[in-house]
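Per-entry structural report
Chain by chain, the residues:
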Amino acid sequence: MIDEYGPYVQMGTLAEQMATRYQMDANLELGSHLSHYMDEVEVNIAADRFDHVGFMNKIRGRLTMTLATAAEPRRREFLHAIVVALQERIDRHSLDAAVDGI
């Protein structure tokens, strides 16, 4: 699969769109908005067998670059929360894989 068109691109775009909504609507709560995004990540992971860690790393890498250029505080807050949540999910997946391999 070509990296420019992989499913992680769609997930990165979704995160950026959700960051814009979070930035514009002060009534959105970070926790529930982040949870909604991470639910979408989980749906993608459950939908198929593929390199889940690679999938999440690609999303995290793209959003880390977006975060570096984000100026608005709420946008930065949401993108940072996604990057952290993805890293936690990657770590959890890696730990589960290591335990299953024992």
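Each remark here, short or long, concerns the structure printed above.
Summarised in this report is the structure supplied together with it. All values derive from a computational prediction rather than experimental measurement.

**Regarding the overall build of the chain**
Per the secondary structure count, the chain includes 4 helices and 0 strands. On C-alpha atoms alone, the chain measures out to a radius of gyration of 14 Å, which is about the 13 Å that the 2.2 N^0.38 rule sets for 102 residues. Considering the chain as a whole, with its 102 residues, one finds that 35% of them fall into the buried category. By sequence separation, contacts in the chain at least 24 residues apart represent 67% of the contacts at least 6 residues apart. As displayed, the chain offers around 6300 Å² of accessible surface, 55% of which is attributable to carbon and sulfur atoms. Side-chain charges of the chain comprise 10 positive and 16 negative groups, with the mean position of each set lying 3 Å from the other.

**Things to note about the packing of helix α1 (residues 7-24) against helix α2 (residues 30-47)**
Close contact between α1 and α2 brings their axes to 11 Å; oriented N to C, the two are set at 170°. In this view, α1 runs roughly antiparallel relative to α2, as classed from their interaxial angle. Here α1 and α2 pass one another in a crossing that is right-handed. Contacts between α1 and α2 pair Met11, Gly12, Leu14, Ala15, Met18, Arg21 and Tyr22 from the former with Leu30, His33, His36, Tyr37, Glu40, Val41 and Asn44 from the latter. Here the residues of the contact of α1 with α2 are counted per class, giving 8 nonpolar, 4 polar and 2 charged.

**Some remarks on the pattern of salt bridges**
In total, this model carries 2 salt bridges according to the counting rule given. With a closest N to O distance of 2.9 Å, Arg62 and Glu16 form a salt bridge. In this pair, Arg62 sits in helix α3 (residues 52-69) while Glu16 sits in helix α1, placing the two residues 46 residues apart along the sequence. Assessed through its relative accessible area of 22%, Arg62 is described here as partly exposed. Here Arg89 and Glu42 are joined by a salt bridge, their closest N and O atoms 2.5 Å apart. With Arg89 in helix α4 (residues 73-101) and Glu42 in helix α2, this residue pair connects regions lying 47 residues apart in the sequence.

What counts and what doesn't
Residues numbered from 1 in each chain as written. Predicted model: local features only at pLDDT ≥ 70, side-chain atom pairs only at ≥ 80, totals over all residues. Heavy atoms only, no water. Helix = DSSP H or I, 4+ residues; strand = E, 2+ residues; numbered from the N terminus. Rg over C-alpha atoms; globule rule 2.2 N^0.38 Å. Buried < 20%, exposed > 50% of the residue type's maximum accessible area, 1.4 Å probe, protein only. Contact = heavy atoms within 4.5 Å. Areas by Shrake-Rupley, 256 points an atom, 1.4 Å probe, with all protein chains shown as cover. Lys, Arg positive; Asp, Glu negative; His and termini not counted. Charge placed at Lys NZ, Arg CZ, Asp CG, Glu CD. Axes fitted to C-alpha atoms, helices over the stretch in contact; angles between N-to-C directions. Parallel < 35°, antiparallel > 145°, perpendicular 65-115°, else oblique. Left-handed = near helix turned anticlockwise from the far one by under 90°. Nonpolar A, V, L, I, M, F, W, Y, C, P; charged D, E, K, R; others polar. Salt bridge = Lys/Arg side-chain N within 4 Å of Asp/Glu carboxyl O.

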